[in-house]
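Listed here are the chains, written in short residue letters.
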Amino acid sequence: MRDRVYIDEIGQHEGKEVTLEGWLAGRRSSGKILFLQFRDGTGFIQCVGSRADIGDEPFEAADTLPLESSLRVTGTVRADARAPGGYELSLTGFEIVHGAEEYPISRKEHGTAFLMDHRHLWIRSPRQFATLRIRATVIAAARNYFDSRGYTLVDTPILTPNSVEGTTTLFETSYFNESAYLSQSGQLYNEATAMALGKVYCFGPAFRAEKSKTRRHLIEFWQIEPEIAYADLDDIMDIQEELVCEMVERVLETRATELGILERDADALKRVVAPFQRITYTEAVDKLNEAGHAFEWGGDLGAEDETVLANMFDRPFLVHRYPRSVKPFYMEDDPHDARVTLSVDMLAPEGYGEIVGGGQRAMDLDTLEQRMRDENLPIEDYQWYLDLRRYGSVPHGGFGLGIERFVTWVCGLPHIRETTAFPRMLSRLRP
Ligand code: 4AD
Ligand code: MG
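What comes next concerns the included structure.

Definitions and limits used
Residues numbered from 1 in each chain as written. Chains lettered and ligands numbered in written order. Predicted model: local features only at pLDDT ≥ 70, side-chain atom pairs only at ≥ 80, totals over all residues. Heavy atoms only, no water. Buried < 20%, exposed > 50% of the residue type's maximum accessible area, 1.4 Å probe, protein only. Helix = DSSP H or I, 4+ residues; strand = E, 2+ residues; numbered from the N terminus. Pairing = 2+ DSSP bridges. Salt bridge = Lys/Arg side-chain N within 4 Å of Asp/Glu carboxyl O. Core = buried A, V, L, I, M, F, W, Y, C linked by side-chain atoms within 4.5 Å. Phe/Tyr/Trp six-rings, centres within 6.5 Å; stacked < 30°, edge-to-face > 60°. Lys NZ or Arg CZ within 6 Å of the ring centre and 35° of its normal. 1 Å grid on protein atoms, 1.4 Å probe; cavity = no way out; pocket = protein on both sides within 12 Å on 5 of 7 lines; lining within 4 Å. Points joined across faces, edges and corners; volume = space filled by probe spheres on them. Nonpolar A, V, L, I, M, F, W, Y, C, P; charged D, E, K, R; others polar.

1. Focus on the pairing of strand 17 (residues 353-360)
Argument step 1. Counting buried residues along strand 17, six of its eight residues qualify, which places the element largely inside the surrounding structure.
Argument step 2. Where strand 16 (residues 343-348) meets strand 17, six bridges bridge the pair, whose relative direction is antiparallel. The residue of strand 17 that forms the bridge with leucine 347 is glutamate 354.
Argument step 3. In sequence, strand 16 turns back onto strand 17 through a hairpin of four residues, with glutamate 350 there showing a positive phi of about 60 degrees.
Argument step 4. The pairing of strand 17 with strand 18 (residues 396-402) spans five bridges and is antiparallel.

2. Overview of the pattern of salt bridges
Argument step 1. On inspection of all chains with the given rule, the structure shows 32 salt bridges.
Argument step 2. Between aspartate 387 and arginine 390 there is a salt bridge; the shortest N-O distance is 2.9 Å.
Argument step 3. Classification of arginine 390 as partly exposed rests on a relative accessible area of 34%.
Argument step 4. One network of salt bridges, with partners in common, ties together Arg4, Glu21, Arg72 and Glu95.

3. A few points about the nonpolar core
Argument step 1. Counting 47 residues, the largest nonpolar core has Phe146, Val244, Leu401, Phe406 and Trp409 as its most contacted members.
Argument step 2. Those elements that provide at least two residues to this core are helix 5 (126-147), strand 10 (199-207), strand 11 (220-229), helix 7 (233-254), strand 16, strand 17, strand 18 and helix 14 (403-411).
Argument step 3. Core analysis: the next-biggest nonpolar cluster, separate from the first, contains 21 residues, Leu20, Phe38, Val73 and Leu89 among them.

4. A closer look at the packing of aromatic side chains
Argument step 1. Applying the stated criterion to the full structure yields 16 aromatic pairs.
Argument step 2. Ring centres of tyrosine 175 and phenylalanine 176 lie 5.3 Å apart, and the angle between their planes is 75 degrees; this geometry places the pair in the edge-to-face category.
Argument step 3. With a centroid separation of 3.6 Å and 10 degrees between ring planes, the pair formed by phenylalanine 313 and phenylalanine 317 is classed as stacked.
Argument step 4. In this structure phenylalanine 317 comes out as buried when scored by relative accessible area, which is 0%.
Argument step 5. An aromatic cluster is defined as three or more aromatic residues linked by ring pairs; in this entry it consists of Tyr189, Phe329, Tyr330, Tyr382, Trp384 and Tyr385.
Argument step 6. The lysine or arginine in question, arginine 28, covers the ring of phenylalanine 35, its NZ or CZ lying 4.1 Å from the ring centre.
Argument step 7. The ring centre of tryptophan 297 lies 4.4 Å from the NZ or CZ of arginine 339, which sits over that ring.

5. Here we look at empty space enclosed by the protein
Argument step 1. Considering all chains together, one arrives at two cavities of 30 Å³ or more under this definition.
Argument step 2. Roughly 70 Å³ of volume is contained in the largest cavity.
Argument step 3. If you go around the largest cavity, the residues you meet are Arg215, Arg216, Tyr352, Gly353, Glu354, Ile355, Arg405, Thr408, Pro414, His415 and Ile416.
Argument step 4. Here the lining of the largest cavity gets three residues from one element, more than from any other, and that element is strand 17.
Argument step 5. Considering only residue class, the lining of the largest cavity consists of four nonpolar, three polar and four charged.
Argument step 6. Looking at the second largest cavity, its volume works out to about 40 Å³.

6. Concerning the pairing of strand 5 (residues 87-98)
Argument step 1. Sheet topology places strand 3 (residues 44-50) next to strand 5; three bridges connect them, and they run parallel. Note that in strand 5 the partner of cysteine 47 across the bridge is leucine 89.
Argument step 2. Across 10 bridges, strand 4 (residues 70-79) lies against strand 5 in antiparallel orientation. Paired with glycine 75 across the bridge in strand 5 is leucine 91.

In structure tokens form, the structure reads like this:
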């Protein structure tokens, strides 16, 4: 393949003439000097050319070219400390690949609905570019964490007959002559593969028909979910902590430019080092009440409660041992306190709230069956799952980390919708 030069490695070509292939992201001119903001998908660079350098006719052409026209630009790479990426291109010429129509997204403020309707174009903007690049790094770092520690990646099905996380958010679809659901989580299958392979993880989409519009819920989101045979609650907490530290570290190491575009406070991310504080649900309830935020023991921590709690911390923290009433059937009971389960959520600081949910799984067949009956789950459909408690049951546990929640926090965004290229929300299926 032909050697191409890209903006994110332009420093290797300092002083040399290069050709870049991309799009016109912005433009201004003084009549004598032209400044083109140019992007190629790996970054943004300013190209500067005088009328004398590039000739009258091309100068006029560039000066009126609609934004997002596609171009090949040629010029000499110059270091410039004032430039965002540290380099500028001294333009010697360019070739128009396609002159765009008048571009609908301009510098002026647009409403969220307009931008979301134009999401297929909006993703070209700097902040969207930065967010999607960080998302890719976050995913690669998470996968690398597990791949480099002996976990086996096992993909779990998307079409399933079972609910995992309650029946109210199930997405029903038809499966020939019966009904099926889109997966809410790969966990139950992970528990089976962990009994076959010891340490496993799955990475895939999860679907939940969340009826509430919030800044932290999507209908379709991606989860990375490890499951480990013979792991107890403390192991699960250790793994969550180590994983999240490594993911943040990787973003800081490789995505400084993108964090800069987002104006994300890097110091807040540099504080993300172990150990994270571990508090029980009961302690969390006390903290809320002490802060004047009335909360009754036994309820689930809602978005608002989590925000109040998460504003009290400067790095992620773990809340463990939630009450039985707010956690699914598969959670193991705490042998020392029958009211609570061996569950743990990780909450992100700065008001962000839950980014990880998991815990230790119920090991005993009779207990599990009883709980499923209490919750009116169709036990017939879960016989395969109950087999895991019939044939060599072991203590085990795992968790799910929501990629979009994680990216929202790492990027410091006010809303989850920009963390995925084409978000699916309560009132948005398009584009
Ligand atoms: O806490 P949840 O519901 O846990 C499970 O699904 C477990 N079965 C995972 C496991 O133990 N293997 O979801 C896990 C994470 C949440 O902490 C959150 O980060 C994310 O998935 N999440 C969502 N993200 C965006 N939109 C939604 N509607 C989400 N629901 C959960
Ligand atoms: Mg949860």
